[in-house]
Amino acid sequence: MFYYYMDPTYILVLIGVVICMAASSKMNRTFQKYSRVRSHNGMTGREAAERILHSQGIYDVRVEHVSGNLTDHYDPRNKVLRLSDATWQSTSVAAIGVAAHECGHALQHARGYVPLSIRSTLAPVASFGSGIAWPLIILGLIFNNHMSVTLLNLGILAFSLAVLFQIVTLPVEFNASRRALHLLGSTGMLYEPEVSDVRKVLTAAALTYVAGTASAILQLLRILILTGGRRND
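Criteria and thresholds
- Residues numbered from 1 in each chain as written.
- Predicted model: local features only at pLDDT ≥ 70, side-chain atom pairs only at ≥ 80, totals over all residues.
- Heavy atoms only, no water.
- Helix = DSSP H or I, 4+ residues; strand = E, 2+ residues; numbered from the N terminus.
- Buried < 20%, exposed > 50% of the residue type's maximum accessible area, 1.4 Å probe, protein only.
- Contact = heavy atoms within 4.5 Å.
- Areas by Shrake-Rupley, 256 points an atom, 1.4 Å probe, with all protein chains shown as cover.
- Core = buried A, V, L, I, M, F, W, Y, C linked by side-chain atoms within 4.5 Å.
- Salt bridge = Lys/Arg side-chain N within 4 Å of Asp/Glu carboxyl O.
- Axes fitted to C-alpha atoms, helices over the stretch in contact; angles between N-to-C directions.
- Parallel < 35°, antiparallel > 145°, perpendicular 65-115°, else oblique.
- Left-handed = near helix turned anticlockwise from the far one by under 90°.
- Nonpolar A, V, L, I, M, F, W, Y, C, P; charged D, E, K, R; others polar.
- Polar contact = N/O pair within 3.5 Å; in protein donor to acceptor, adjacent residues only side chain to side chain.
- Pairing = 2+ DSSP bridges.

Chemist: How would you summarise the overall build of the protein if you had to cite specific residues and measurements?
Modeler: Counting its regular elements, the protein contains 7 helices and 3 strands. In sequence order, the secondary structure elements of the protein are arranged as α-α-β-β-β-α-α-α-α-α. The dimensions of the protein, computed from C-alpha atoms along their principal axes, are 65 × 35 × 25 Å. Burial analysis of the protein (233 residues in total) assigns 46% to the buried set. Residue pairs at least 24 apart in sequence account for 74% of intrachain contacts in the protein once pairs closer than 6 positions are excluded. Put simply, the protein shows about 11600 Å² of open surface, and 63% of that area lies on carbon and sulfur atoms.

So, in structure tokens, the structure goes:
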């Protein structure tokens, strides 16, 4: 059975890994560069987030600190916007940009942005699917009976849900960044050159989501190639 693990389709996995590594490296370099550029207003990421939320009439979202580096996220279930160590107390344009991006998600939630609702619904299903997909597929490849095709199809379906989640995430992230850039410019929180710097940071961040989606699609393609013959038997 090692044939299934040592085959030419691994090139698809390697391509996905390279794409993700390149996008992550680009993101880290860009964030580090602009984390050294102090914003003219001297606001921290936390202060910027609170100001943006209040400017949009959002007062029921808490802004909290979360440990880690670039672990910033918005939790729609509890209405909590969490900012990481690199953002919470930093006064850089990068930190303010990341905080504004998370505020973009809070604004999506407050305005009933449909793709965000779809992503939130898919999240637990996709998480379960990504965890169960490969065990089902491996069992389907090992067994050689009437259950084999059923297991393979269930595994492919489970992994497809994870891929769908990645695809739905793209418009959600792009829209949050557009909202962030608009808010930073329209409120005068940052000068135009600073907004341009933030755009570079958020564009680099968006590339990591694109890379993740491409990698997931490549993995799904590999699964379809590996199981194609067995499913057609």
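Chemist: Go over the nonpolar core, please, and point to the residues and values.
Modeler: Grouped together as the largest cluster of nonpolar side chains are 37 residues, with contacts concentrated most on L53, L81 and L184. Looking at this core, the elements with two or more residues in it are helix 1 (10-34), helix 2 (45-55), strand 3 (80-83), helix 3 (85-88), helix 4 (93-111), helix 6 (146-186) and helix 7 (192-231). It is helix 4 that contributes the most residues to this core, 9 residues altogether. Counting 11 residues, the second largest nonpolar core, distinct from the first, contains L141, I156, F159 and L220.

Chemist: How would you explain the pattern of salt bridges if you had to name every residue and give the values?
Modeler: Tallied over the entire structure, the rule returns 8 salt bridges. Between E50 and R46 there is a salt bridge, with the nearest N and O atoms lying 3.2 Å from each other. Placement of both E50 and R46 in helix 2 is noted, with a separation of 4 residues, approximately one turn of the helix. The shortest N-O distance in the salt bridge between R77 and D75 comes to 3.9 Å. By relative accessible area, R77 is classed as exposed at 77%. Three or more residues are tied together by salt bridges with common partners; here these are R62, E64, D75, R77 and R82.

Chemist: Could you give an account of the packing of helix 4 against helix 6, naming the residues involved and the relevant values?
Modeler: Two elements in contact, helix 4 and helix 6, have axes separated by 7 Å at closest approach and are oriented at 110 degrees. Our classification of the angle between helix 4 and helix 6 gives roughly perpendicular. Where helix 4 crosses over helix 6, the handedness of that crossing is right-handed. Taken together, the residues of helix 6 that come into contact with helix 4 (itself represented by I96, G97, A100, H101, G104, H105, L107, Q108 and R111) are V172, E173, N175, A176, S177, R179, A180, L183 and L184. For the contact of helix 4 with helix 6, the per-class residue count stands at 8 nonpolar, 7 polar and 3 charged.

Chemist: A description of the side chain of S177 should follow, citing residues and the corresponding values.
Modeler: Looking at where S177 falls in the secondary structure, it is placed in helix 6. Among the polar contacts listed, one links the side chain of S177 to the side chain of H101, at a separation of 3.0 Å. Discounting chain neighbours no more than four positions away, the residues touching S177 are H101 and L202.

Chemist: Provide a residue-level description of the sheet that holds strand 2 (residues 73-75), including the pertinent values.
Modeler: By way of backbone hydrogen bonds, the strands of a sheet pair with one another, either parallel or antiparallel. Judged by pairing direction, the sheet is mixed, and its 3 strands sit side by side in the order 1-3-2 without closing on themselves. Each end of this open sheet is capped by a strand with a single partner; those strands are strand 1 (62-65) and strand 2. Strand after strand, the sheet turns through a mean of 25 degrees between neighbouring axes, direction not considered. The pairing of strand 2 with strand 3 spans 3 bridges and is classified as antiparallel. Directly across from D75, in strand 3, lies its bridge partner V80. Across the sheet, helix 2 touches strand 1 and strand 3, and the angle it forms with strand 3 is around 155 degrees.

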